[in-house]
Amino acid sequence: MATPQEDHESIARRVGAANLLAARASTGLSQAQFAAAIGLSDRALRRYERGERELPQAARLAIIQVFKIDPLASDQLAAAIGLDGAELSPSATAETAVEESFWVKLRREGLESRERNYSPLGQHLLKARDYAFLSATLYFAAKHVALGLGLPFGFGVNGTDWAFIGAFCVIVLFLFSVVAELPVLKAARHILTGNRGRRAL
């Protein structure tokens, strides 16, 4: 008689195999291409797709990182053992795509900080500032590229591109306040530790 642990392993193999096949089909890649993309051999991938072996966490994380697909999604595993997805704790149903969830969380923290510290009018002004800064930066960069390539670009009046000068002034005016809001150290730490994690895989 199979033990509960053996049953769980067979469920994980079955769900993982079905999802792995579906994930590869959705990418349009061959077994060899898909295996190479996640650092597996063709032989190992075939075993996982046939459900002969349980997909290891390192391979699962590689698939999540490269293709943004979780072959062992928590809700599917829960359904396979007869649980409703609503019965799972919040931690069990959290985003498993590490890169995505970090940046989404960072964005949410920034928005929450604005809601706590600024009035609705202040939040609208900050949003307008962000759009003005982005527009000025894009125009400034495009103008530089055009000048470097000798292409006509800009809104010149009597030989002076006032939009270019205005973009420079906007960048200088807003640079400090924009940079001060960016969690530069947190993002840098995440990128550096993320790169170490990818090398380990």
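Here is a short report on the structure shown in this document. Just so it is clear, the model here is predicted, and its values are computed rather than measured.

1. Remarks on the overall build of the protein chain
- Within the protein chain one finds nine helices and two strands.
- Start at the N end of the protein chain and walk to the C end: the helices and strands fall as α-α-α-α-α-α-α-β-β-α-α.
- The buried share of the protein chain, taken over its 201 residues, is 24%.
- On the protein chain, roughly 13400 Å² of surface is accessible, and the fraction owed to carbon and sulfur atoms is 62%.

2. Describing the packing of helix α7 (residues 120–149) against helix α8 (residues 162–181)
- Packing of α7 against α8 leaves a shortest axis separation of 8 Å and a crossing angle of 130°. The angle between α7 and α8 falls in the class oblique. The two elements α7 and α8 cross, and the hand of that crossing is left-handed. Residues Leu126, Arg129, Ala132, Phe133, Ala136, Thr137, Tyr139, Phe140, Lys143 and His144 of α7 touch α8, and the partners they reach there are Ala163, Phe164, Ala167, Phe168, Val170, Ile171, Phe174, Leu175, Ser177, Val178 and Glu181.
- Of the residues in the contact of α7 with α8, the class split is 15 nonpolar, three polar and three charged.

3. Looking at the side chain of Lys143
- Tracing the sequence through the fold places Lys143 in helix α7.
- Note on Lys143: relative accessible area 11%, which makes it buried.
- Beyond its immediate sequence surroundings of up to four residues, Lys143 is in contact with Phe153, Gly154, Asp161 and Phe164.

4. Examining the pattern of salt bridges
- Taken as a whole and judged by the stated rule, the model has nine salt bridges.
- Put simply, Glu181 and Arg114 hold a salt bridge, and the shortest N to O gap is 3.0 Å. Here Glu181 is found in helix α8, whereas its partner Arg114 is found in helix α6 (residues 98–117), with 67 residues between them in sequence.
- With a relative accessible area of 34%, Glu181 lands in the partly exposed category.
- One salt bridge in this structure joins Glu181 and Arg129, with 2.6 Å as the shortest N-O distance. One end of the pair, Glu181, is in helix α8; the other, Arg129, is in helix α7, with 52 residues separating them in the sequence.
- Given a relative accessible area of 10%, Arg129 falls into the buried group.
- Taken together, the shared-partner salt bridges in this structure form one network comprising Arg114, Arg129, Asp130 and Glu181.

5. Considering the environment of Phe34
- By secondary structure assignment, the location of Phe34 is in helix α2 (residues 31–37).
- Since its relative accessible area comes to 0%, Phe34 is described here as buried.
- Distance in space between the C-alpha atoms of Phe34 and Ile63 is 9.2 Å, their sequence separation being 29 residues.
- Here Phe34 is in contact with Leu20, Ala23, Arg24, Thr27, Leu29, Leu45, Ile63 and Phe67, once residues within four sequence places are set aside.

6. Quick look at α8
- For α8, which comprises 20 residues, the first-to-last C-alpha distance of 29 Å matches the rise-based estimate of 28 Å (1.5 Å per residue) to within 8%.
- The largest bend in α8 comes to about 50°, at Phe174.
- Phe164, Ala167, Ile171 and Val178 are the residues of α8 that are buried.
- In this structure, the buried residues of α8 make contact with α7 and β2 (160–161).
- Between a side-chain oxygen at the N-terminus of α8 and the backbone nitrogen of Ala163 the separation is 3.2 Å; the capping residue is Asp161.

7. Some thoughts on the environment of Asp130
- Relative to the elements of secondary structure, Asp130 occurs in helix α7.
- For Asp130 and Val178, which are 48 residues apart along the polypeptide, the C-alpha to C-alpha distance reads 7.5 Å.

8. Concerning the nonpolar core
- Counting 12 residues, the largest nonpolar core is built from Leu20, Phe34, Ala35, Ile38, Ala44, Leu45, Tyr48, Leu55, Ala59, Ala62, Ile63 and Phe67.
- It is helix α4 (residues 57–67) that contributes the most residues to this core, four residues altogether.
- Each residue touching Leu45, except ones within four places of it in the same chain, is listed here: Leu20, Arg24, Gln31, Phe34 and Ala35.

Conventions and cut-offs
- Residues numbered from 1 in each chain as written.
- Predicted model: local features only at pLDDT ≥ 70, side-chain atom pairs only at ≥ 80, totals over all residues.
- Heavy atoms only, no water.
- Helix = DSSP H or I, 4+ residues; strand = E, 2+ residues; numbered from the N terminus.
- Buried < 20%, exposed > 50% of the residue type's maximum accessible area, 1.4 Å probe, protein only.
- Areas by Shrake-Rupley, 256 points an atom, 1.4 Å probe, with all protein chains shown as cover.
- Axes fitted to C-alpha atoms, helices over the stretch in contact; angles between N-to-C directions.
- Parallel < 35°, antiparallel > 145°, perpendicular 65-115°, else oblique.
- Left-handed = near helix turned anticlockwise from the far one by under 90°.
- Contact = heavy atoms within 4.5 Å.
- Nonpolar A, V, L, I, M, F, W, Y, C, P; charged D, E, K, R; others polar.
- Salt bridge = Lys/Arg side-chain N within 4 Å of Asp/Glu carboxyl O.
- Expected span 1.5 Å × (residues − 1).
- Bend = angle between axes of the 7 residues up to and from the residue.
- Polar contact = N/O pair within 3.5 Å; in protein donor to acceptor, adjacent residues only side chain to side chain.
- Core = buried A, V, L, I, M, F, W, Y, C linked by side-chain atoms within 4.5 Å.

Shape is all these values report; function is a separate question.
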